[in-house]
Amino acid sequence: MASELFEDIWPTSAPILEPIFPDEGTYPVAAYPLVGLSATGRKDQRELRTLILENTYLRITVCPDLGGRIVGLFDRRSQTEFITGDLTATEGGSRGAHVPFGITFGATPELGLDLGPVQVLSHFAASEEMPAGVTLGGLWPGTSLRFWYRIELPAEEASFTIQICTYSLENGVTTCPGLRWYGADRVDLYSVAQGQNRLVFQHPTSPIEVGEDGWVSAVDSFELSRRTLESWQATVTPTTVARGRIGYGDAGVISLTDDRIQIQVVRPLENAKVVLFTRSGQSLESRMNLHPESIWEIASSDLPEAIVEVALVDASGEVLARTDAHLAGKLKWNRTLSPAGALSETDTRDPAWRHLAFADLAETALADGDFVSAASYFERSLRFNAEDPLAWWGQAFAERLANETDNDAPLPNAHYLNPVEPLLRAEAFLRSDQGQAAEKNPLLSPLAETPEALIEVAATLLKLSRLDQLARFADEGLRHLNLPMLRYLLAYALLEDSRMGAEAAQHVQLAAKAGFAPPFPHREIEFVALRRLVERFPDDPLLPRYARLRA
């Protein structure tokens, strides 16, 4: 069976959470700029959208409406569901309430984005031998961090891979990418257990560590340097082998207990060899064919003496898994943070920062309207750091404004590095026909599902002084959602033109009618805009309420 991906609806009883706004007395300060939450104890029937990855052995159900968490992990071999319980809200978490259910992903254990929709992109299998997958993620409000992850299910394996990526436009954002399996009653190095069911994690270069609260990570927390993309990947193997000393590898999992040995492989192995090492130093070997559909086991009473180690070897002699793997500690990323301020032409001669210097020069050229130089600077930045998705976006953006559209590389490269980057969807819209259709443009519909993405695009275009691009984008964005902060950014931009004051006033009035609502401001450019608007429209009742949030 090929690896398949399809959409479905999950009818469920979901907890009702009451919002707490940041100027209310019970607001949890750690939540800002997100809306705080309070558990009511009540529930309501909801239909949540899901994406399902499925092959011969596993079915993975992902819910984009709940932060992209895994809400179902079904082992078709043993008819075992690894995600148990129901959606129940409890006090805790950075927002005041959370829903401890399923497998959640984050840039830190306290990300706070697991109760709302995230950006999502499907990856259908190109052939029967290729994996299907899904990429989910978005912005981390209050920081300059982008966070996304990809779940990929191979065609004929009883395991799947996850890749978690973080990227920051500023220095010093502390991150610790990982995941949490809620409800686990036991955690060990490399594995998390819930009853007899176990998830075994394998990292290609360093061991996975499992915290006491079920947080799974391969790295210590670290500070990202600006315009730096970091990622880690792990293979996850669901298994129902007995608790004991666990051995693992690409091919499967070994369990060694006092009374038996069990091996569960993730793909068929022909002519494999199981090697048992006895207490006296001897080894026992047996050739056999192993299949994922069943667990091979042997009782200790059937063996001549006690077994201390077990290894699984393929037909060529390569060790696929063993119980005595000696691994180093967690991976430590000691990054030297880049200079916080904008770099200059002189800094382009420094090998450590030349990629940043060229990117800063490119943004300055964009703000000055020198699009040819901006495209050239971005291209030179990418020579020294090709894993900068926003540099690829910047090159494509500058080349379009310079009417140099024959370079097909930048946008595909940016999509490859971050498929859910909101600026890429905005660029697709800005490259479309200039006329406004009667219907909302579907290119921006996914951004409207996560309103923070609309604000991020508008703020970026405003910082780059591309007011014409901002006006077109914001006009279409407001057709999807009437966001006060989007109107305020547009109004501020319109005030740059003395002839547009009346239109700016109209947007301020429409924002007041929309009322006090998220997304709440947290970027410097947002507060610059709010201060300017408060000065220009001192009688507006809503502007001071937003402006005071800075305090």
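Structure's up top.
Residues numbered from 1 in each chain as written. Predicted model: local features only at pLDDT ≥ 70, side-chain atom pairs only at ≥ 80, totals over all residues. Heavy atoms only, no water.

**Student:** Please set out the overall build of the chain residue by residue, giving values where relevant.
**Tutor:** Assigned secondary structure in the chain consists of 12 helices and 29 strands. Against the 2.2 N^0.38 benchmark of 24 Å for 551 residues, the chain shows a C-alpha radius of gyration of 26 Å, consistent with a compact globule. Seen through its C-alpha atoms, the chain measures out along the principal axes to roughly 95 × 60 × 40 Å. Per-residue burial for the chain yields a buried fraction of 55% across its 551 residues. Expressed as a percentage of contacts within the chain between residues at least 6 apart in sequence, the contacts between residues at least 24 apart total 62%. Of the charged side chains in the chain, 49 are positive and 75 negative, and the gap between their average positions amounts to 3 Å. (Helix = DSSP H or I, 4+ residues; strand = E, 2+ residues; numbered from the N terminus. Rg over C-alpha atoms; globule rule 2.2 N^0.38 Å. Buried < 20%, exposed > 50% of the residue type's maximum accessible area, 1.4 Å probe, protein only. Contact = heavy atoms within 4.5 Å. Lys, Arg positive; Asp, Glu negative; His and termini not counted. Charge placed at Lys NZ, Arg CZ, Asp CG, Glu CD.)

**Student:** Just give me the short version of the packing of aromatic side chains, but keep the residues and values in it.
**Tutor:** In this structure the tally under the stated criterion is 12 aromatic pairs. Ring geometry for Tyr-488 versus Tyr-546: centroids 5.6 Å apart, planes at 75°, classification edge-to-face. Here the residue Tyr-488 occupies a position in helix 9 (residues 484-494), and Tyr-546 occupies one in helix 12 (residues 543-547), the gap between them amounting to 58 residues. The pair Tyr-488 / Tyr-546 is uniform in exposure class, with both members buried. An angle of 40° between the planes, with centres 5.1 Å apart, marks the rings of Phe-516 and Phe-520 as tilted. Considered together, Phe-516 and Phe-520 belong to a single accessibility category, that of buried residues. Among the aromatic residues, ring-to-ring pairing joins Phe-21, Tyr-488, Phe-516, Phe-520 and Tyr-546 into one connected group. The lysine or arginine in question, Arg-354, covers the ring of Phe-384, its NZ or CZ lying 4.6 Å from the ring centre. (Phe/Tyr/Trp six-rings, centres within 6.5 Å; stacked < 30°, edge-to-face > 60°. Lys NZ or Arg CZ within 6 Å of the ring centre and 35° of its normal.)

**Student:** Can you lay out the layout of surface pockets for me, pointing to particular residues and giving the numbers?
**Tutor:** Space inside the largest pocket adds up to approximately 1000 Å³. Broken down by element, the lining of the largest pocket gets its largest block of residues, 6 residues, from strand 1 (residues 4-20). Residue classes in the lining of the largest pocket are distributed as 28 nonpolar, 7 polar and 9 charged. In this structure, the second largest pocket spans a volume of roughly 770 Å³. Around the second largest pocket sit 30 residues that line it, and Ser-144, Leu-169, Glu-170, Glu-363 and Lys-463 are the ones nearest its centre. Its residues assigned to classes, the lining of the second largest pocket comprises 11 nonpolar, 9 polar and 10 charged. (1 Å grid on protein atoms, 1.4 Å probe; cavity = no way out; pocket = protein on both sides within 12 Å on 5 of 7 lines; lining within 4 Å. Points joined across faces, edges and corners; volume = space filled by probe spheres on them. Nonpolar A, V, L, I, M, F, W, Y, C, P; charged D, E, K, R; others polar.)

**Student:** How would you summarise helix 3 (residues 389-401) if you had to cite specific residues and measurements?
**Tutor:** Compared with an ideal rise of 1.5 Å per residue, which puts 13 residues at 18 Å, helix 3 spans 19 Å between its outermost C-alpha atoms and is within 8% of the ideal. Backbone geometry just after helix 3 places Asn-403 at a positive phi near 60°. (Expected span 1.5 Å × (residues − 1).)

**Student:** Before we move on, could you go through helix 2 (residues 371-384) and cite the residues and values that matter?
**Tutor:** The end-to-end C-alpha distance of helix 2 is 21 Å, a good match for the 20 Å that 14 residues give at a rise of 1.5 Å each. What helix 2 keeps buried is the set Phe-371, Ala-374, Ala-375, Tyr-377, Phe-378, Ser-381 and Leu-382. Looking straight down helix 2, one finds that the buried residues subtend no more than 165° of arc, so they occupy a single side. Against helix 1 (354-368) and helix 3 lie the buried residues of helix 2. (Arc of directions from axis to C-beta.)

**Student:** Account for the sheet that holds strand 15 (residues 186-188), with residues named and values stated.
**Tutor:** The strands making up a sheet are joined through hydrogen bonds of the backbone, oriented either antiparallel or parallel. Taken in spatial order, the 8 strands make up an open sheet running 9-10-11-12-21-17-16-15, and their pairing is antiparallel. Because the sheet does not close on itself, it has two edges, and the strands there are strand 9 (119-123) and strand 15. On average, each strand axis in the sheet is inclined to that of its neighbour by 20°, with strand direction left out of account. (Pairing = 2+ DSSP bridges. Axes fitted to C-alpha atoms, helices over the stretch in contact; angles between N-to-C directions.)

**Student:** Tell me about the pattern of salt bridges, and name the residues and values.
**Tutor:** Applying the stated criterion to the full structure yields 26 salt bridges. The closest approach of N and O atoms between Asp-75 and Arg-77, which form a salt bridge, is 2.8 Å. The pair formed by Asp-75 and Arg-77 is uniform in burial state, with each residue classed as buried. Note that Arg-523 is salt-bridged to Glu-452, the shortest N-O span being 2.6 Å. Here Arg-523, found in the loop between helix 10 (501-514) and helix 11 (524-536), pairs with Glu-452, found in helix 7 (residues 451-463); they are 71 residues apart in sequence, far enough to count as distant. The network of salt bridges with shared partners includes Arg-146, Glu-421, Glu-452, Glu-456, Arg-523 and Glu-526. (Salt bridge = Lys/Arg side-chain N within 4 Å of Asp/Glu carboxyl O.)

**Student:** Please give an account of the environment of Glu-209 that cites residues and values.
**Tutor:** Tracing the chain through its elements places Glu-209 in strand 18 (residues 209-210). The class of Glu-209 is partly exposed, set by a relative accessible area of 34%.

**Student:** Lay out the pairing of strand 29 (residues 319-322) with the relevant residues and their values.
**Tutor:** The side chains of a regular strand alternate between the sheet's two faces. As defined by bridge partners, strand 28 (residues 307-313) adjoins strand 29 across 3 bridges and the pair is classed as antiparallel. Bridged to Leu-312 within strand 29 is Ala-321. In sequence, strand 28 turns back onto strand 29 through a hairpin of 5 residues, with Gly-317 there showing a positive phi of about 100°.

**Student:** For empty space enclosed by the protein, give the residues involved together with the corresponding values.
**Tutor:** Applying the stated criterion across every chain yields a total of 1 cavity of 30 Å³ or more. Taken as a whole, the largest cavity holds about 30 Å³ of empty space. Along the walls of the largest cavity sit Leu-139, Trp-140, Pro-141, Thr-143, Leu-145, Glu-452, Glu-456, His-522 and Arg-523, which together make up its complete lining.

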